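A closer look at the structure
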Amino acid sequence: MAFMSVALPQTEAAQRGKPLPIIRDAEIEGLMRLYTRPVFKAAGINPKAVKVYVLNDRLINAFVAGGQRIFINTGLIERADTPNDVIGVLAHETGHIAGGHLARMGVEVDAANYTQIIGMLLGLATIAGGVASGKGEVAQAGQGLMIGTQGLAQRNFLTYARGMEASADQAALKYLNETHQSARGMITLFETLARENIATLADIDPYVMSHPMPMDRIRNLEAEARKSPYWDAKDPPALMLRHQLVQAKLAGYIGGAQAVMQKYPSSDQSMPARYARAIAMFRRGDIQNALPVIDGLIKELPENPYFWELKAQALLENGRAAEAAVPVRKALELLPSNGLIQMLAAQAYIDTEKPDNAREAIKLLRQAQRTEGETPETFRLMARAYAQTGDVPRAELATAQAALLMGDTKLALEKARSAQAAFKTGTPEWTRASDVISFAGRRQR
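Residues numbered from 1 in each chain as written. Predicted model: local features only at pLDDT ≥ 70, side-chain atom pairs only at ≥ 80, totals over all residues. Heavy atoms only, no water.

1. Observations regarding the overall build of the chain
When its secondary structure is counted, the chain shows 23 helices and five strands. Within the chain, counting contacts between residues at least 6 apart in sequence, those at least 24 apart form 63% of the total. Summed over its atoms, the accessible surface of the chain is roughly 20,800 Å², and 53% of this surface lies on carbon and sulfur atoms. (Helix = DSSP H or I, 4+ residues; strand = E, 2+ residues; numbered from the N terminus. Contact = heavy atoms within 4.5 Å. Areas by Shrake-Rupley, 256 points an atom, 1.4 Å probe, with all protein chains shown as cover.)

If you want it as structure tokens, here you go:
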């Protein structure tokens, strides 16, 4: 769909203790791919093998977890003055992936008790949160938690972790140099963190830090980075505009109308400012004033698929599905293989409540699954589309599949059994229903 906050499927979220506030948006994800593609190539990594997730978190942070997955906070994107700032951080995280640091860390802690590991990681997270937010008492609490649960093994582990961070820094310098980009942005972001957290870090023991102390890190990095012939390289204007538009989108969707007007007053007639204000207006229900602004953006940059997508979402969320189908088709013409836009188009077609449109929606949702995989949202939309075409068994099967992914085993079993009874034994639909029954049954034991 256009811009939405989601949680990981329950099976993954449960492993992390709580759902991660992941933002899904075609424009933001497209920009992250644009940022990472040359870096991944320089690192010898297949871009299709790494997934970048955007977390709805105002702290400046990024990290690697769960294998080849990079998580980046909206706070980092919002605070980054240039694309280069974000690219530098992504290059650092790529260094962790290319260096196999997570796997090697597993070896380092393999002999430790699982509970001790959790306690240590919670302490690290507490320190990182306190440092990033400038709350010294939070960081101190994290330090106390770690000291209370760990000893010499903890310090050895953290020494190893700091070594990995330094290694990732050097890898980032290498990737940026090979892609003819400056490391200035990465260092600028580190300097921002250091300035904001001088007081917080003053009483933190450097030996219980998972990262090198900021000023040491900055001095070492800058001395090396200045040797590059690309130290003064600038971001292309087109990339800078895309970065600013994404910042405006984040402000419009998660900043609130008041925050948008403070950052983008009506006197600011730049494209990003108008973009942010249009989003804020339609989000508060002022579609009448939002649409002319969006139309103005489209007229100025008609080949931008995300302006068409925004118009479609604005109309759709204000109950004008038939009208939304027109701009979303244009967005699909410009980005025909984007799963999120395919899902938005499917929702627009379904909301018209016309069987012919519902059939078209089913085709789009099947296409979306090629890139998005099987998600609760695609199955929920499929269930609605099948119901509109009168295909109740497939609607119930799709409902069962959505329920299973969301952890509702009772509903999954109920709908899967009902659907299976309507299909001939051995057909693909019968088999899928059988799989749902099997998985849901095991989870209920």
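Additional details are given in the paragraphs that follow.
2. As for the environment of G185
Relative to the helices and strands, G185 is located in helix α9 (residues 184-196). Owing to a relative accessible area of 2%, G185 belongs among the buried residues under this scheme. Taking C-alpha positions, G185 is 7.3 Å from V86, a pair spaced 99 residues apart along the chain. Ignoring sequence-local partners within four residues, the contact set of G185 consists of N84 and D85. (Buried < 20%, exposed > 50% of the residue type's maximum accessible area, 1.4 Å probe, protein only.)

3. Considerations on the pairing of strand β5 (residues 69-73)
Put simply, side chains in a regular strand alternate between the two faces of the sheet. In terms of burial, β5 is largely enclosed, as five of its five residues are buried. Neither face of β5 is exposed, since R69, F71 and N73 on one face and I70 and I72 on the opposite face are all buried. Note: strand β3 (residues 51-55) against β5, five bridges, orientation parallel. Bridged to V54 within β5 is I72. In this structure, strand β4 (residues 62-64) lies alongside β5, joined through three bridges in antiparallel fashion. Across the sheet, F63 pairs through a bridge with F71, a residue of β5. (Pairing = 2+ DSSP bridges.)

4. Focus on the confidence of the model for the chain
Here the chain averages 83 in pLDDT, and 77% of its residues register 70 or above. The model gives residues 7-17 a pLDDT under 50, and that stretch makes 16 contacts with residues more than four places away or in other chains. For the stretch residues 106-115, pLDDT sits under 50, and the model shows five contacts to residues farther than four places along the chain or on other chains. (pLDDT = per-residue confidence, 0-100.)

5. Observations regarding the environment of L59
Relative to the helices and strands, L59 is located in the loop between β3 and β4. For the pair L59 and R79, spaced 20 residues apart in the sequence, the C-alpha separation amounts to 9.4 Å.

6. Remarks on the side chain of Q342
For Q342, the location among the structural elements is in helix α18 (residues 339-351). According to the relative accessible area criterion, Q342 is buried, its value standing at 3%. Among the polar contacts made by the side chain of Q342, one reaches the main-chain amide nitrogen of A368 at a distance of 3.2 Å. (Polar contact = N/O pair within 3.5 Å; in protein donor to acceptor, adjacent residues only side chain to side chain.)

7. Quick notes on unusual backbone geometry
At H180, a position not held by glycine, the phi torsion is positive, near 60°. Position of H180 among the secondary structure elements: in the loop between α8 (152-178) and α9. When its relative accessible area of 49% is taken as the criterion, H180 is described as partly exposed. Even without glycine at this site, E353 takes up a positive phi of about 60°. Given a relative accessible area of 63%, E353 falls into the exposed group.

8. So, the pairing of β3
Among the five residues that make up β3, four are buried, leaving the element largely enclosed by the rest of the structure. Two strands pair when backbone bridges link them, and strand β2 (residues 22-25) and β3 are joined in this way by two bridges, in the antiparallel orientation. Within β3, the position partnered with I23 by the bridge is V54.

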